[in-house]
Amino acid sequence: RFHHTSTSHLCSCRKTVSNEKYQDPFQLGRKDLKNLYEDIKKELLVSAAELKEMCDYYFDGKGKAFRPMIVVLMARACNIHHNNSREVQASQRSVAIIAEMIHTASLVHDDVIDDANSRRGKMTVNQIWGERKAVLAGDFILSAASVALARIGNTTIISVLTQVIEDLVRGEFLQLGSKENENERFAHYLEKTFKKTASLIANSCKAVSILGCPDPTVHEIAYQYGKNVGIAFQLIDDVLDFTSCADHLGKPTAADLKLGLATGPVLFACRQFPEMNAMIMRRFSKPGDVERARKYVLQSDGVQQTTYLAQRYCHEATRQISKLRPSPEREALIQLTEMVLMRDK
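Rules used in this analysis
Numbers given for residues are sequential positions, taken from 1 along each chain in its written order. Where local features are concerned, this predicted model is filtered to residues with pLDDT of at least 70; where side-chain atom pairs are given and counted, the filter is 80 or more; whole-chain, interface and lining totals use all residues. Calculated side-chain values reflect all of the structure's heavy atoms, with hydrogen atoms and water omitted. UniProt positions are given in the numbering used here, feature names are shortened, and annotations may be inferred rather than shown by experiment. Counting from the N terminus, the helices are DSSP H or I runs at least four residues long and the strands are E runs at least two residues long. Within these notes, the globule rule equals 2.2 Å times the number of residues to the 0.38 power, and the radius of gyration is based on C-alpha atoms. Each residue is assigned to one of three classes by its accessible area relative to the maximum for its type, calculated with a 1.4 Å probe on protein chains only: buried under 20%, partly exposed between the two thresholds, exposed over 50%. A contact between two residues is defined here by any heavy atoms of the two lying within 4.5 Å. To measure how exposed things are, a 1.4 Å probe is used in the Shrake-Rupley method; for residues, cover is taken only from the protein chains shown. In this charge count, Lys and Arg are treated as positive and Asp and Glu as negative; neither His nor the chain ends contribute. All charge positions are set by atom: Lys at NZ, Arg at CZ, Asp at CG, Glu at CD. Here a Phe, Tyr or Trp ring, Trp counted by its six-membered ring, pairs with any other such ring whose centre lies within 6.5 Å, and the pair is stacked when the planes are under 30 degrees apart, edge-to-face when over 60, and tilted otherwise. For a Lys NZ or an Arg CZ to count as sitting over a ring, it must be within 6 Å of the ring centre and within 35 degrees of the ring normal. In the sections that follow, a salt bridge refers to a side-chain nitrogen of Lys or Arg positioned within 4 Å of a carboxyl oxygen of Asp or Glu. To estimate how far a helix should extend, the number of its residues minus one is multiplied by 1.5 Å. This arc describes the spread of directions from the helix axis toward the C-beta atoms. Between N-to-C directions, angles cover 0 to 180 degrees, with each direction set by a line fitted to C-alpha atoms, over the stretch in contact for helices. Roughly parallel refers to an angle under 35 degrees, roughly antiparallel to one over 145, roughly perpendicular to one between 65 and 115, and oblique to any angle outside these ranges. By the definition used in this description, the sense in which the near helix is turned from the far one sets the handedness, with an anticlockwise turn below a right angle giving left-handed and a clockwise turn giving right-handed. Residue polarity is assigned by list, with Asp, Glu, Lys and Arg as charged and Ala, Val, Leu, Ile, Met, Phe, Trp, Tyr, Cys and Pro as nonpolar; anything else, Gly included, falls into the polar class.

- An unreviewed UniProt entry lists the chain under the name All trans-polyprenyl-diphosphate synthase PDSS1, from Corythaixoides concolor.
- Looking at the Subcellular location (unreviewed entry) heading of the UniProt record, one finds this comment for the chain: "Mitochondrion".

Encoded structure:
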């Protein structure tokens, strides 16, 4: 139902922002994220020097901490909505830390599966230390996240966040397969996108809402916001794989095509260039497939249609979060949907 979106249907998310002063999400979330990476390193206390070095490699404090920032803003927005509390609880901040640890572990494992050689503008763990050690480092980060999760001591929160780990694995399996039926491909792609990217944001948002507010309606709002922002984030990521230069992106472009993956821009382009179907089924494995597919995508409206789709998801995220009581944090979460659409790396 998303395939033919006309611009007239797309309401700009900007209109939904109230007249409250513009809130920079990164500024607003900074206080709660102070010493985030130091706290993560405390969770990763290890005696083996090499394992410590590998774990510290991605937790260098240079990441945008996009996921933890959403989590602490959601925590504040839900706390204010419930009882006007302006403080983030220690357990809610722990969820932000755990979210970043799970995310980073998934990057380490992804890079092994993809045999990637660069991430965030530097060499990957698997390139430096080798695949076997990289897998173990990812496992170790996940186990440390699980220990931190158990320490929260809330079985509902444990259940919500362990769902993320299951989804990550299922999403990776979905990515390894492809659908012969063209009509099933888009649903398969969106399901994979939810499991690999959006589930972490959706369930982390839900977890902090549960800790801050007893109302199940609020839990659903938090979950839906995270889910929609997460899917939009990945759709834009898939667009940038075609439109951004490698130096700017911090990883090689057309990387997904080289891995044999048909993302949104490819699936939309396929409608204009049906000859791409055969390439999708052979996962762009023949010489020249990657270059041809890239050319077709850029000649089609695949990039534009995927961007429209991301706008639809951001609009839904804004619609959901607008149900909460007004607060600077709520406005910052609305602003964040704009930033997801405008980002260039």
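Notes on the overall build of the chain
Right, so step 1: Summing up its helical and strand segments, the chain has 17 helices and two strands in all.
Right, so step 2: On C-alpha atoms alone, the chain measures out to a radius of gyration of 20 Å, which is about the 20 Å that the 2.2 N^0.38 rule sets for 345 residues.
Right, so step 3: A total of 345 residues make up the chain; the buried ones form 56% of that total.
Right, so step 4: The long-range share in the chain, meaning contacts at least 24 apart out of those at least 6 apart in sequence, stands at 75%.
Right, so step 5: Put simply, the chain shows about 15500 Å² of open surface, and 52% of that area lies on carbon and sulfur atoms.
Right, so step 6: Averaging the locations of the 46 positively and 41 negatively charged side chains of the chain gives two centres separated by 3 Å.

Quick word on the packing of aromatic side chains
Right, so step 1: A full pass over the atoms with the stated rule returns six aromatic pairs.
Right, so step 2: Taking 5.6 Å as the distance between ring centres and 40 degrees as the angle between the ring planes, the aromatic pair formed by Tyr57 and Tyr58 counts as tilted.
Right, so step 3: On the accessibility criterion, Tyr57 (18% relative accessible area) is buried.
Right, so step 4: Given a relative accessible area of 2%, Tyr58 falls into the buried group.
Right, so step 5: Taken together, the ring pairs connect Tyr57, Tyr58 and Trp129 into an aromatic cluster.
Right, so step 6: Its end group placed over the ring of Phe233, Arg67 keeps NZ or CZ at 5.3 Å from the ring centre.

Description of the pattern of salt bridges
Right, so step 1: Taken as a whole and assessed by the stated rule, the structure comprises 17 salt bridges.
Right, so step 2: Between Arg151 and Glu43 there is a salt bridge whose closest N-O contact spans 3.0 Å. Of the two residues, Arg151 sits in helix α7 (residues 131-152) while Glu43 sits in helix α2 (residues 36-43), which places them 108 residues apart along the sequence.
Right, so step 3: Of the residues examined, Arg151 reaches a relative accessible area of 54% and is grouped as exposed.
Right, so step 4: Owing to a relative accessible area of 24%, Glu43 belongs among the partly exposed residues under this scheme.
Right, so step 5: Notably, a salt bridge pairs Glu331 with Arg330, separated by 2.8 Å at the nearest N-O pair.
Right, so step 6: With relative accessibility at 8%, the residue Arg330 sits in the buried group.
Right, so step 7: By sharing partners, the salt bridges in this structure join Asp39, Lys42 and Arg93 into a single network.

A few points about α7
Right, so step 1: In this model, α7 (22 residues) spans 32 Å end to end at C-alpha, consistent with the 32 Å of a helix rising 1.5 Å per residue.
Right, so step 2: Those residues of α7 lying buried are Ala134, Ala137, Gly138, Ile141, Leu142, Ala144, Ala145, Ala148, Leu149 and Ile152. One side of α7 carries all its buried residues, which in axial view fall inside an arc of 160 degrees. Opposite its buried face, α7 presents the exposed residues Arg132, Leu136, Val147 and Arg151, each directed more than 90 degrees away.
Right, so step 3: Turning to α7, the residues buried within the fold contact α2, α3 (49-58), α5 (90-114), α6 (125-129) and α8 (155-176).
Right, so step 4: Gly153 sits one or two positions beyond α7 and adopts a positive phi of about 75 degrees.

Structural notes on the packing of helix α13 (residues 264-272) against helix α16 (residues 302-321)
Each pair of packed helices gets described by two things: the angle between the helix axes and the distance between those axes.
Right, so step 1: Two numbers describe how α13 lies on α16: the axes approach to 8 Å, and their chain directions differ by 120 degrees. Here α13 lies oblique to α16, going by the angle between them. Read as a crossing pair, α13 and α16 show a hand that is right-handed. In this structure, α13 contributes Gly264, Pro265, Phe268 and Ala269 to the contact, and α16 contributes Gly302, Val303, Gln305, Thr306 and Leu309.
Right, so step 2: In terms of residue class, the contact of α13 with α16 is made up of five nonpolar, four polar and no charged.

Overview of unusual backbone geometry
Right, so step 1: One non-glycine residue, Asn84, adopts positive backbone phi at about 60 degrees.
Right, so step 2: Summarising the element assignment, Asn84 is placed in the loop between α4 (66-83) and α5.
Right, so step 3: By relative accessible area, which is 44% here, Asn84 ends up partly exposed.
Right, so step 4: Positioned with a positive phi, Phe284 is a non-glycine residue whose angle comes to about 55 degrees.
Right, so step 5: Along the chain, Phe284 falls in the loop between α14 (276-281) and α15 (289-299).

Description of the side chain of His109
Right, so step 1: Considering the arrangement of structural elements, one finds His109 in helix α5.
Right, so step 2: Classification of His109 by relative accessible area gives buried; the value is 19%.
Right, so step 3: With near-sequence residues (within four places) excluded, His109 lies in contact with Ala134, Val135, Gly138, Asp139 and Leu142.

Things to note about the packing of α4 against α5
Right, so step 1: Here α4 crosses α5 at 155 degrees, and the two axes come no closer than 8 Å. As the angle between them shows, α4 and α5 are arranged roughly antiparallel. The crossing of α4 and α5 is right-handed. From α4, Arg67, Pro68, Val71, Val72, Ala75 and Asn79 reach across to α5, where they touch Gln92, Val95, Ala96, Ala99, Glu100 and His103.
Right, so step 2: The residue inventory of the contact of α4 with α5, partitioned by class, reads seven nonpolar, three polar and two charged.

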